[in-house]
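Results of the structural survey
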Amino acid sequence: MTKMKCTVAYDGSQFFGYQVQPGKRTVQSEIQEALARMHHGQPVKISASGRTDRGVHAYGQVFHFETHLNIPEERWPLALNSLLPNDIYIRDAEEVPEQFHARYDVKKKEYRYRLLTRMEPDLFRRMYTTQVKETLDLDRMNQAAGAIIGTHDFTCFCAANTDVKDKVRTVYQLSVQHEVEDEIVLRIVGSGFLYQMVRIITGTLLDVGTHKIAPERVAEIIAGRDRQAASATAPAQGLTLWKVSY
């Protein structure tokens, strides 16, 4: 058996998230169906770096699977993409050692959250950005971001309905900056992320940027380990899993 590692991009707009759900269209189920067709009906399970929620996108999601097919690694993307819908695209594939695991071997993940800063909606970007009509103070947001960088118990930035016990994670980088005239990008790199962590951080930094929360308050929120002290969860469509590093 050969173990293959693939990097995949997908538009999450029409999926009920990454993970298989009975009767629902998901990224994992579409890829596994394509692999099953290549393996003459034999089920093939893929394991990813992590799951993404309904409406969340990916540019650099990673998964692995095992196969008995003798296909050169450079041919795998072409073969899979010919069987996948046009909102999933295998960017590359490579053979990896037997001990490799797409989830457990992750060293860093990068997410990007895009904010559309204009009064009128943009119909062509509404599925990939979150519109903010208020003026954002980026200096305040980046000041608050400084309190998030580092190793902390991030209970305050984790959705309450999770059974994860260890909520200590490390954020290596976090910045908020203009990318184009009417778009602001929040970029965050960390060792790993809790359920809805990036979206709750985004919601909290938005409240800082609109002067609803003082930048100094963010350190207190983290220390308090209380989800209710942080802000509302930002919408899914602005979020993209950008890169997974091993």
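This write-up is about the structure you can find in this document. (Residues numbered from 1 in each chain as written. Predicted model: local features only at pLDDT ≥ 70, side-chain atom pairs only at ≥ 80, totals over all residues. Heavy atoms only, no water.)

Concerning the state of the cysteines
Worth spelling out the cut-off: Disulfides are defined as cysteine sulfur pairs within 2.5 Å. Partly exposed residues are those whose accessible area sits between 20% and 50% of the maximum for their type, while under 20% is buried and over 50% is exposed, using a 1.4 Å probe and protein chains only.
Tallying each qualifying case throughout the model produces zero disulfides. No disulfide involves Cys-156; its sulfur sits 9.5 Å from the nearest other cysteine sulfur, which is in Cys-158. With relative accessibility at 0%, the residue Cys-156 sits in the buried group.

Side note on the nonpolar core
Our working definition: Here, nonpolar core means buried Ala, Val, Leu, Ile, Met, Phe, Trp, Tyr and Cys residues that are tied together by side-chain atoms lying within 4.5 Å of each other. The secondary structure listing takes helices from DSSP runs of H or I that are at least 4 residues long and strands from runs of E that are at least 2 residues long, numbered from the N terminus. Contact definition: two residues touch when any of their heavy atoms are within 4.5 Å.
With 69 residues, the main nonpolar core has Ile-148 and Phe-157 as its most contacted residues. When residues in this core are grouped by element, the largest group, seven residues, is from helix 4 (residues 197-209). Beyond its immediate sequence surroundings of up to four residues, Phe-157 is in contact with Ile-148, Tyr-195, Gln-196, Met-197, Ile-200, Ile-201, Thr-204, Val-218, Ile-222 and Ala-230.

As for the environment of Ser-82
Here Ser-82 shows up in the loop between helix 2 (76-81) and strand 4 (88-96). A relative accessible area of 58% places Ser-82 in the exposed class. Sequence-wise, Ser-82 and Asn-70 are twelve residues apart; in three dimensions their C-alpha atoms are separated by 18 Å.

Some remarks on the pattern of salt bridges
It is possible for side chains of opposite charge to pair when their charged atoms get near one another. Put simply, the test is: In the sections that follow, a salt bridge refers to a side-chain nitrogen of Lys or Arg positioned within 4 Å of a carboxyl oxygen of Asp or Glu.
Counted according to the given criterion, the structure contains 16 salt bridges. Across the pair Lys-5 and Glu-94 runs a salt bridge, and its minimum N-O distance is 3.5 Å. Residue Lys-5 is located in strand 1 (residues 2-10), and its partner Glu-94 is located in strand 4; the two are separated by 89 residues in the primary sequence. Under the relative-accessibility criterion, Glu-94 is labelled partly exposed at 34%. A salt bridge links Asp-122 to Arg-125, with the nearest nitrogen and oxygen atoms 2.7 Å apart. A single network of salt bridges, built from pairs that share partners, joins Arg-114, Arg-118, Asp-122, Arg-125, Glu-179, Asp-182 and Glu-183.

What to know about the pairing of strand 5 (residues 108-116)
So the rule is basically this: Two strands form a pair only when DSSP identifies at least two bridges running between them.
Of all nine residues making up strand 5, eight are buried, and the element is well covered by its neighbours. As paired elements, strand 5 and strand 10 (residues 239-245) share six bridges and run antiparallel to each other. Across the sheet, residue Lys-109 finds its bridge partner in strand 10, namely Val-244. One ladder, built from eight bridges, connects strand 5 with strand 9 (residues 183-190); its direction is antiparallel. Considered in strand 9, the bridge of Arg-114 is made with Val-185. Here strand 5 runs beside strand 6 (residues 130-131); their pairing, made up of two bridges, is parallel. Of the residues in strand 6, the one forming a bridge with Leu-116 is Gln-131.

Description of helix 5 (residues 217-224)
What counts here: Comment: arc refers to directions from the helix axis out to C-beta atoms.
All of the buried residues along helix 5 are Val-218, Ile-221 and Ile-222. Looking down the long axis of helix 5, one finds its buried residues gathered within 100° of arc, a one-sided arrangement. Buried residues belonging to helix 5 abut helix 3 (138-148), strand 7 (150-153) and helix 4. Positioned one or two residues after helix 5, Arg-225 has a phi angle of 55°, which is positive.

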